[in-house]
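A look at the structure
Below, each chain spelled out in residue letters.
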Amino acid sequence: QFQGGVWSLSTVLCDALMTMDVMLCTASIFNLCAISVDRFIAVSIPLNYNRRQIDLRQLILISTTWIFAFAVASPVIFGLNNVPNRDPSLCQLEDDNYIVYSSICSFFIPCPVMLVLYCAMFQGLKRWEEARKAKLRGSIYGANRKLYHPSTLIERAQTGLGSGERNPYARSDRPGDYVMDNGIQTVSYPHLKYPPPGHSRKRAKINGRERKAMRVLPVVVGAFLFCWTPFFVVHITRALCKSCTIPTQVTSTVTWLGYVNSALNPIIYTVFNAEFRNFFRKVLHLF
């Protein structure tokens, strides 16, 4: 509790507050980094991503995020802030070396890694989309050429005319032969296997959902970097440059700009994600 800008509670509570502050800030950054790793895996191995070890992978990523975040923040609660001649009326990080270390571990290392993963992910997604469209065009062209090529039609016609000894009402197992079913002439393709109804639609829906997530996440990451980069730059500048004078208003502004990021994420998801927007409307209607 601050009274007139002076910390009036115990230093133990101050250290706990500083630890929680560093841990939550670090966890939020590591969480975005973990999401980028998860999306990169989804693009790199799309065949196995949606069906195998989803819960295990998410559990590992979340656990790793919080373990690393606590490892970065734990020195404060374990006595790092107990420096000689500490002013009990101030609640702040006392060790400048730790400020530099925590800033590098919490922001200046994971953010470039995250950006590299997103760049690689979108390049891979672009190549995958191009290969999928090329394969689809090739499949359609090959199927049309096989079905409607003149030599194939002539061969089928000759085969149908030359098989007089066969029962015209018997069902044929050869692909493309003409058969009689209840007196109606039809064409049978028993070698073709079709997926269950709704299978391709479900698969397309999953792919569309993945693409929507790919469009939302860069906006979330961009907003996060915009809000938190000034804070960490000012934070590490104060620790490295003792002669630099940074106004209190600037420190307060960059700190609150970082806090505003937590309010931006629901707005971003509401604008760019239709499912989140519909759920949000349902919640509002309940109240």
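Residues numbered from 1 in each chain as written. Predicted model: local features only at pLDDT ≥ 70, side-chain atom pairs only at ≥ 80, totals over all residues. Heavy atoms only, no water.

1. Digging into the packing of aromatic side chains
Scanning the model with the defined rule gives 10 aromatic pairs in all. Taking 6.0 Å as the distance between ring centres and 45° as the angle between the ring planes, the aromatic pair formed by Tyr98 and Tyr101 counts as tilted. Linking Tyr98 with Tyr101, this pair stays in helix α4 (residues 96-108), spanning three residues, or about one helical turn. According to the relative accessible area criterion, Tyr101 is partly exposed, its value standing at 40%. When the centroid spacing of 4.6 Å and the interplanar angle of 10° are considered together, the rings of Phe107 and Phe232 count as stacked. With Phe107 in helix α4 and Phe232 in helix α7 (residues 199-240), the pair connects residues that are 125 residues apart, well separated along the chain. Each residue in the set Phe107, Phe108, Phe224, Trp228, Phe231, Phe232, Trp256 and Tyr259 is aromatic and connected to the rest through ring pairs, giving one cluster. (Phe/Tyr/Trp six-rings, centres within 6.5 Å; stacked < 30°, edge-to-face > 60°. Helix = DSSP H or I, 4+ residues; strand = E, 2+ residues; numbered from the N terminus. Buried < 20%, exposed > 50% of the residue type's maximum accessible area, 1.4 Å probe, protein only.)

2. Looking at a nonpolar patch on the surface
Judged by side-chain polarity, Ile104, Phe108, Ile109, Val113 and Val233 come together as a nonpolar surface patch covering roughly 380 Å² of accessible area. Looking at where Ile104 falls in the secondary structure, it is placed in helix α4. (Patch = residues over 30% accessible without salt bridge, like charges linked within 9 Å, V, L, I, M, F, W, Y side chains within 5 Å. Areas by Shrake-Rupley, 256 points an atom, 1.4 Å probe, with all protein chains shown as cover. Salt bridge = Lys/Arg side-chain N within 4 Å of Asp/Glu carboxyl O.)

3. With respect to the UniProt feature "transmembrane region" (unreviewed entry) in the protein chain
Following the UniProt record, the feature "transmembrane region" (unreviewed entry) maps to residues 16-37, 58-78, 98-125 and 216-236 here. The span residues 16-37 carries 100% helix and 0% strand; its end-to-end C-alpha distance comes to 31 Å. Each end of residues 58-78 is marked by a C-alpha atom, and these two atoms are 30 Å apart; helix forms 100% of the span and strand 0%. (UniProt positions renumbered as here; feature names shortened; annotations may be inferred.)

4. Side note on the nonpolar core
If you look at the biggest cluster of nonpolar residues, it comprises 24 residues, and the most contacted ones within it are Ile29, Phe107, Phe224, Trp228 and Phe232. Going through the elements one at a time, α1 (11-44), α5 (110-148), α7 and α8 (248-272) are the ones with two or more residues in this core. Ranked by residue count, the leading element in this core is α7, at 12 residues. What Phe224 contacts, discounting residues up to four positions off in sequence, is Ser28, Ile29, Leu32, Phe107, Thr229 and Asn261. (Core = buried A, V, L, I, M, F, W, Y, C linked by side-chain atoms within 4.5 Å. Contact = heavy atoms within 4.5 Å.)

5. Points about the confidence of the model for the protein chain
Mean pLDDT over the protein chain: 75, with 69% of residues reaching 70 or higher. In the model of the protein chain, strand β1 (residues 2-3) stands out as the element of lowest mean pLDDT, 46, in contrast to α4, which has the highest, 91. Overall, residues 168-173 carries pLDDT values under 50, and its contacts beyond four positions in sequence, including any with other chains, amount to 13 contacts. (pLDDT = per-residue confidence, 0-100.)

6. Considering the packing of helix α3 (residues 54-80) against α4
Contact pair α3 / α4: the axes reach a minimum separation of 9 Å and the direction vectors enclose 155°. Compared by their axis directions, α3 and α4 come out roughly antiparallel. Every residue of α4 that contacts α3 at Val72, Ala73, Pro75, Val76 and Leu80 is listed here: Tyr98, Tyr101, Ser102, Cys105 and Ser106. (Axes fitted to C-alpha atoms, helices over the stretch in contact; angles between N-to-C directions. Parallel < 35°, antiparallel > 145°, perpendicular 65-115°, else oblique.)

7. Some remarks on the side chain of Thr251
As for its placement among the helices and strands, Thr251 is situated in helix α8. Residue Thr251 is classed as buried on the basis of its relative accessible area of 19%. With residues near it in sequence (within four places) discarded, Thr251 still touches Val234, Arg238 and Ile246.

8. With respect to the layout of surface pockets
Here the largest pocket defines a volume of roughly 1,100 Å³. If you go around the largest pocket, you meet 34 residues; those closest to its centre are Cys91, Gln92, His235, Arg238 and Thr251. Elements that contribute at least two residues to the lining of the largest pocket include exactly α1, α4, α7 and α8. Per element, the largest residue contribution to the lining of the largest pocket is seven residues, and it comes from α7. Its residues assigned to classes, the lining of the largest pocket comprises 18 nonpolar, 11 polar and five charged. (1 Å grid on protein atoms, 1.4 Å probe; cavity = no way out; pocket = protein on both sides within 12 Å on 5 of 7 lines; lining within 4 Å. Points joined across faces, edges and corners; volume = space filled by probe spheres on them. Nonpolar A, V, L, I, M, F, W, Y, C, P; charged D, E, K, R; others polar.)

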